[in-house]
Amino acid sequence: MNAQQTIKPYVIGLDLGGTNAVFGIVDSRGEIKATTAIKTQQYDTAESFVNASVEALQIIIEQVGGLETIKAMGIGAPNGNYYNGTIEIAPNIKWAHDCIVPLGKMFSERLGGIPTAVTNDANAAAIGEMVYGVARGMKNFIVITLGTGVGSGVVVNGQLVYGSDGFAGELGHVTMVRGEEGRPCGCGRKGCLEAYCSATGVARTARELLAKTERPSLLREMNPDDITSLDVAIAAGKGDELAKEIYEFTGKMLGEACADFATFCSPEAFIFFGGMVKAGELIMKPIRDAYDAHVMNVFKGKAQFLVSALDGASAAVLGASAIGWEIQ
């Protein structure tokens, strides 16, 4: 088996998003040899999606020497379950929003039986950091993805935490504001970290502050409904005090949450990934300051706060491919 694996130098990584499904063929050094993509929502059934995916994949598989060069496939997807190889009740994918789809099995059967693993996108990011990124050599760390939502992948003693059912590590859905005043979250609960510290949460904080105060701000030049976290970051970068306050609020909540996370796994590092991280010290400094102010004394000074060095355009594909290398 080992000899057979050495002549299979590539894995396929699939970053399955709500808009696009991006495929890459990746070697063991993390170099993407070929890519292709299709529209996720263009298909009404999982079967038609997989059929179109395989048709697109055949072209790039031939570019690297055919299916005999492919060791495995890794898939990072919303609501991906590593234990079962499924995506389950994924609200933003129309062919999976109300059912369980055995996506790993479907791809494996269509691709000559190659081993295929599925996990959620944040878990894929964590494995990607461990295999290709800033977490190389680490055995205990937490990756926090700051995008449309807040995702997380938790690695303890060198192993990703999946829990009893494959869905452990949803730190974006810890409750930060309890009671009726908590913001509604897409998960159906109120007050989740994601409702405040995602890109959509930052935009919502901006709208709330603009409505509560008449303080001057560059953001007032925009239609409130059109404000994005990028707009807030740009305004803050220009010295806008209200915009800076929004990032201070967001970073403080993230730092307080990380102080709580440290109590159960004592990570070597918190690694942040996603579009919001481009705000740099606007978000990272309040995270660090709030963490230092709230973390238990026994954990003080132990965790690094790092930003992913993986290229944003390819990081999700690399993370998914890393799951493929993990298959035994």
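Before any of the text, the structure's been laid out above.
In this text the structure is predicted, and so the values were computed from the model without any measurement.

A.B. asks: Explain the environment of I246 to me, using residue names and the numbers behind them.
C.D. replies: Looking at the secondary structure, you find I246 in helix α8 (residues 241-265). Accessibility expressed as a relative area gives 0% for I246, which makes it buried. When the C-alpha atoms of I246 and T19 are compared, they prove to be 28 Å apart, with 227 residues separating the residues in sequence. Discounting residues that sit within four places of it in the chain, I246 has contacts with V202, T205, A206, L209, L219 and V232.

A.B. asks: I'd like a rundown of the sheet that holds strand β5 (residues 80-81), residues and numbers included.
C.D. replies: Judged by pairing direction, the sheet is antiparallel, and its three strands sit side by side in the order β5-β6-β7 without closing on themselves. Only two strands of the sheet have a single neighbouring strand rather than two, namely β5 and β7 (100-101). Where β5 and strand β6 (residues 86-88) come together, two bridges link them in antiparallel fashion. Counted as the bridge partner of N81 is T86 from β6.

A.B. asks: I'd like a rundown of the environment of A279, residues and numbers included.
C.D. replies: Its location among the elements puts A279 in the loop between β12 (269-273) and α9 (281-294). Sequence-wise, A279 and A259 are 20 residues apart; in three dimensions their C-alpha atoms are separated by 21 Å. With near-sequence residues (within four places) excluded, A279 lies in contact with A233 and Y247.

A.B. asks: Tell me about the pairing of strand β1 (residues 10-16), and please be specific about residues and values.
C.D. replies: Where burial is concerned, most of β1 is hidden: six out of the seven residues are buried. As paired strands, β1 and strand β2 (residues 20-27) are joined by seven bridges and run antiparallel to one another. Paired with L14 across the bridge in β2 is F23. Between the antiparallel neighbours β1 and β2 lie three residues.

A.B. asks: How would you sum up the pattern of salt bridges? Please name residues and give values.
C.D. replies: Counted under the stated rule, the structure contains 13 salt bridges. One salt bridge in this structure joins K33 and E31, with 3.2 Å as the shortest N-O distance. Look at E31 and you get partly exposed, because its relative accessible area is 39%. The salt bridge partner of K244 is E241, with a shortest N-O separation of 3.0 Å. Remark: E241 and K244 occur in helix α8; sequence separation between them is three residues, near one turn of the helix. Take K244: its relative accessible area is 32%, and that puts it in the partly exposed class. By sharing partners, the salt bridges in this structure join D27, R29, E31 and K33 into a single network.

A.B. asks: Tell me what's going on with the side chain of S308, and back it up with residues and numbers.
C.D. replies: Among the secondary structure elements, S308 is positioned in the loop between β13 (304-307) and α10 (312-326). According to the relative accessible area criterion, S308 is buried, its value standing at 12%. At a separation of 2.4 Å, a polar atom in the side chain of S308 contacts the side chain of E129. Ignoring sequence-local partners within four residues, the contact set of S308 consists of E129, I271, F272 and F273.

A.B. asks: Residues and numbers for the nonpolar core, please.
C.D. replies: Ranked by internal contacts, the top residues of the largest apolar core, which has 49 residues, are I144, L219, V232, F261, F270, F272 and Y291. Looking at this core, the elements that each hand over two or more residues are β9 (141-146), β10 (150-156), α5 (193-197), α6 (199-212), α7 (229-237), α8, β12 and α9.

A.B. asks: Before we move on, could you go through the packing of aromatic side chains and cite the residues and values that matter?
C.D. replies: Scanning the model with the defined rule gives eleven aromatic pairs in all. Here F49 and W95 contribute two aromatic rings whose centre-to-centre distance is 4.6 Å and whose plane-to-plane angle is 25 degrees, an arrangement assigned as stacked. A residue pair is termed long-range when its members are at least 10 positions apart, and F49 in helix α2 (residues 46-63) and W95 in the loop between β6 and β7 qualify at 46 residues. In this structure, F49 and W95 share a single accessibility class: buried.

A.B. asks: Go over the pairing of β9 with me, naming the residues and quoting the values.
C.D. replies: Within β9, six of the six residues are buried, which leaves it mostly tucked inside the rest of the structure. Judged by which residues are buried, β9 turns out to be covered on both faces: F141, V143 and T145 on one side and I142, I144 and L146 on the other are all buried. The sheet contact formed by β9 and β10 spans six bridges and is antiparallel. Note on β10: the bridge partner recorded for L146 is V150. Adjacent in sequence and paired antiparallel, β9 and β10 are bridged by three residues. With five bridges connecting them, β9 and β12 associate as parallel partners. What sits directly across from T145, in β12, is F273.

A.B. asks: Help me get a handle on the packing of α2 against helix α3 (residues 103-110), residues and values and all.
C.D. replies: α3 packs onto α2 with a crossing angle of 45 degrees between their chain directions and a minimal axis gap of 10 Å. Taken together, α2 and α3 sit at an angle that is classed as oblique. Here α2 and α3 pass one another in a crossing that is right-handed. Of α3, the residues touching α2 (which contributes A46, E47, F49, V50, N51, S53, V54 and L57) are L103, M106, F107 and R110. For the contact of α2 with α3, the per-class residue count stands at eight nonpolar, two polar and two charged.

Conventions we followed
- Residues numbered from 1 in each chain as written.
- Predicted model: local features only at pLDDT ≥ 70, side-chain atom pairs only at ≥ 80, totals over all residues.
- Heavy atoms only, no water.
- Helix = DSSP H or I, 4+ residues; strand = E, 2+ residues; numbered from the N terminus.
- Buried < 20%, exposed > 50% of the residue type's maximum accessible area, 1.4 Å probe, protein only.
- Contact = heavy atoms within 4.5 Å.
- Pairing = 2+ DSSP bridges.
- Salt bridge = Lys/Arg side-chain N within 4 Å of Asp/Glu carboxyl O.
- Polar contact = N/O pair within 3.5 Å; in protein donor to acceptor, adjacent residues only side chain to side chain.
- Core = buried A, V, L, I, M, F, W, Y, C linked by side-chain atoms within 4.5 Å.
- Phe/Tyr/Trp six-rings, centres within 6.5 Å; stacked < 30°, edge-to-face > 60°.
- Axes fitted to C-alpha atoms, helices over the stretch in contact; angles between N-to-C directions.
- Parallel < 35°, antiparallel > 145°, perpendicular 65-115°, else oblique.
- Left-handed = near helix turned anticlockwise from the far one by under 90°.
- Nonpolar A, V, L, I, M, F, W, Y, C, P; charged D, E, K, R; others polar.

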